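# Structure assessment
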Amino acid sequence: MLTYDLEQGNMPLYESLYRSIREDILAGRLRPGEKLPSKRALADHLKISKVTVENAYTQLAAEGYITSKEKVGYFVEAVTEASPLPPAPPEPEPPPDEPVWEADLTSNRLRAEAFPFSVWAKLLREVMLDFGEELLRPMPMGGAPLLRKAIAEFLYGYRSMSVSPEQILVGAGTDFLYNLLIQLLGREKCYAVEDPGYGKIRQVYEAAGVRCVPVPLDADGVRVECLGDADVVHLSPSHHFPTGIVTPIGRRQALLEWAEAAPGRYLIEDDYDSEFRLSGRPIPPLQSIDRQGKVIYLNSFTKSIAPSIRISFLVLPMPLMEAFRSRLGFYSCTVPSFEQYTLARFLSRGYFEKHINRMKKYYRDQRDQILAALNASGFGSRIQVLGQDSGLHFLLRVDTGRSDRALKELCARAGIRIRCLSDYSQSGNTADSHCLVVNYSSFDGARAPELLSRLEAILAGSGGTN
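Overview of the structure. In this text the structure is predicted, and so the values were computed from the model without any measurement.

Conventions we followed
In every chain, residue numbers begin from 1 and rise along the written sequence. The predicted origin of the model limits local features to residues at a pLDDT of at least 70 and limits the giving and counting of side-chain atom pairs to 80 or more, whereas totals for whole chains, interfaces and linings rest on all residues. As a convention, hydrogens and water are excluded, and side-chain values are obtained from all of the structure's heavy atoms. Site definitions follow a grid-based scheme: protein atoms alone, a 1 Å grid, a 1.4 Å probe that fits but cannot get out for cavities, and for pockets an open set with protein on both sides within 12 Å along at least five of seven lines, plus lining residues having an atom within 4 Å of a point. Grid points are joined across faces, edges and corners, and a volume is the space filled by probe spheres set on the points. The way it works is that DSSP assigns letters per residue, a run of H or I at least four long becomes a helix, a run of E at least two long becomes a strand, and they are numbered from the N terminus. Relative accessible area decides the class of each residue, using a 1.4 Å probe on protein chains only: under 20% of the type maximum gives buried, over 50% gives exposed, and in between gives partly exposed. Summarising the geometry, the arc corresponds to the directions from the helix axis toward the C-beta atoms. Residue contacts are counted whenever heavy atoms from the two residues lie within 4.5 Å of one another. Two N or O atoms form a polar contact when they lie within 3.5 Å of each other; inside protein one atom must be a possible hydrogen donor and the other a possible acceptor, and for residues adjacent in sequence the pair counts only when both atoms belong to side chains. Here is the rule: rings of Phe, Tyr and Trp (six-membered ring for Trp) pair when centre to centre is within 6.5 Å. Planes less than 30 degrees apart are stacked, more than 60 are edge-to-face, and the remainder are tilted. Geometrically, a lysine NZ or arginine CZ counts as sitting over a ring once it is within 6 Å of the ring centre and also within 35 degrees of the ring normal. Nonpolar residues are Ala, Val, Leu, Ile, Met, Phe, Trp, Tyr, Cys and Pro. Charged residues are Asp, Glu, Lys and Arg, and all others, Gly as well, are polar. A helix's residues, less one, multiplied by 1.5 Å, set its expected span. Only the contacting stretch of a helix is used when fitting its axis, a line to C-alpha atoms as for every element, and angles between N-to-C directions run 0 to 180 degrees. Under this scheme an angle from 65 to 115 degrees is roughly perpendicular, one under 35 degrees roughly parallel, and one over 145 degrees roughly antiparallel; angles in between are oblique. Take the far helix as your reference; a near helix turned counterclockwise from it by less than a right angle gives a left-handed crossing, and one turned clockwise gives a right-handed crossing.

### Let's talk about empty space enclosed by the protein
Scanning all chains against the criterion turns up 4 cavities of 30 Å³ or more. Its boundaries defined by the atoms lining it, the largest cavity holds a volume of some 270 Å³. In this structure, the largest cavity is lined by 21 residues; those nearest its centre are Leu374, Leu396, Leu436, Leu452 and Leu455. For the lining of the largest cavity, the elements supplying multiple residues, two or more each, are α11 (351–376), β13 (393–398), α12 (404–413), β16 (435–439) and α13 (448–461). No other element matches the 5 residues that α13 contributes to the lining of the largest cavity.

Structure, rendered in structure tokens:
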């Protein structure tokens, strides 16, 4: 008869018995074909309930250690003893600690006080009460009709774009939408990107296996004569990152003429931070003067509201939207319904416009504090600020003979993380540009004098700015 000590802490009694019998089977103490005691006999022997034995036997049978033969009993199955586990690999070396920066001017993370928590929470509660069961249903492929309508109305009022909600396609972040466009336009096409430019765009295209070529810029933006055999051009004509170039009307018309000159050519207009033009009216988008359906408009709420609001959208010319529905309409919308309906109300009730106006003032104050500190610093006469009226960054050209690498290292010694214009060039045309790219949205401008004094001391201690 099987005899076990079943006192094993807080473990259920049936599990203790199951483990004990399993161990005997694996060790060969119970041989294949051997009959186990009946449930009643084993329960009486171990002074436990019949239900406990039944549960243990049921688990063993479920895992294949024993089999049950009706009106005969339980029998041990042939089981190979498990091989010993290989020795555990050595613990990996912990990654080096990330440096703690006094100021990180390479990102545009939103500061907590800048997010409209109370309004967003109020609208989210309303949505949950008003839409109820509808929130649990699948979203239409292009996104919630209410959100697409709200986006179309916002684009008309704020960006002078007259588009139908049916042209709008909502998705979770621009990376996802880039990949949809590649599938829609074709992997055989050649995609051109601005150089210098936002490196992630090129990385997404290359990761998707399409040919991607850099195109140089001049003072007006993309050089049309350098497009070569490109079929699709990804550009930001209203505010280029990182140079801040605004493409004038003459160059925009030349780009449209290029797209119209051959079938299958398109311009992807990435309007990623157009809302934050800090002086004058927003620059009208290229899409607003497109008459032949050659511009695909792309924008996102990650810059204007918060990076965690992963809601971006495309405005497709109607022929392309029809092609999308026909070929790619099987895709589900990737944005949760809760967020879509909340954003729809945030837009339609005017909260978004109020938020943008408040943030423009906030960012203008941030920028002005940094510029004032720069002008008051000991090297104020050796710097030039470029592109300060648009977006959430500006360029800072430094009169120095040092390399860009040396400039970044000096800033790092002052606790300031920075990137240079040359970091955004694929071709190397901007090598040692002596231009720092200053992203200031998450930086506390009041701390600028202190940090610049530290940087000034380091520069002086290293032989000045030359």
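Now that the structure has been shown, we can carry on.
### Thoughts on helix α9 (residues 318–328)
The complete set of buried residues in α9 reads Leu320, Met321, Phe324 and Leu328. The buried residues of α9 occupy an angular sector of 100 degrees when projected down its axis, which confines them to one face. Turned more than 90 degrees off the buried face of α9, the exposed positions are Pro319 and Ser326. Summarising the contacts, the buried residues of α9 are in contact with β4 (168–171), α6 (174–185), β9 (266–270) and β10 (295–300).

### Focus: the side chain of His434
In this fold, His434 is placed in the loop between β15 (419–420) and β16. Looking at His434, its side chain comes within polar contact range of the main-chain oxygen of Arg402, at 2.9 Å. When residues no more than four places from it in sequence are discounted, the contact partners of His434 are Leu396, Arg397, Val398, Thr400, Gly401, Arg402, Asp404 and Leu407.

### Digging into the packing of aromatic side chains
Counted by the stated rule, this structure contains 21 aromatic pairs. Arranged with centres 6.2 Å apart and planes meeting at 20 degrees, the rings of Phe346 and Tyr351 form a pair that is stacked. Classification of Phe346 as buried rests on a relative accessible area of 1%. For Tyr351, a relative accessible area of 23% corresponds to the partly exposed category. Among the aromatic side chains, those forming a connected cluster through ring pairs are Phe115, Phe117, Trp120, Phe154, Tyr158, Tyr297, Phe301, Phe313, Phe346, Tyr351 and Phe352. Seen from the ring of Phe75, Lys69 lies directly overhead, with NZ or CZ sitting 4.8 Å from the centre.

### Some thoughts on the layout of surface pockets
Of the volumes computed, that of the largest pocket is approximately 1100 Å³. Looking at the lining of the largest pocket element by element, the count peaks at 5 residues for helix α7 (residues 199–207). A per-class count over the lining of the largest pocket returns 15 nonpolar, 16 polar and 13 charged.

### A word on helix α10 (residues 337–348)
Helix length check: α10 (12 residues) gives 16 Å between terminal C-alpha atoms against 16 Å at 1.5 Å per residue, within 8%. Restricting attention to buried positions, one finds in α10 the residues Ser337, Gln340, Tyr341, Thr342, Leu343, Ala344, Arg345, Phe346 and Leu347. Looking at the buried positions of α10, the neighbouring elements they touch are α4 (117–131), α5 (145–159), β4 and α11. Just downstream of α10 lies Gly350, where phi reads positive at about 85 degrees.

### A word on the packing of α6 against α7
At a minimum axis distance of 10 Å, the contact between α6 and α7 shows a crossing angle of 45 degrees. Classified by the interaxial angle, the pair formed by α6 and α7 is oblique. Crossing geometry of α6 relative to α7 is assigned as right-handed. Residues Asp175, Tyr178, Asn179 and Ile182 of α6 form the contact with α7, whose participating residues are Lys200, Ile201, Val204 and Tyr205. Residue composition of the contact of α6 with α7, by class: 5 nonpolar, 1 polar and 2 charged.

In short, geometric facts, not functional conclusions.
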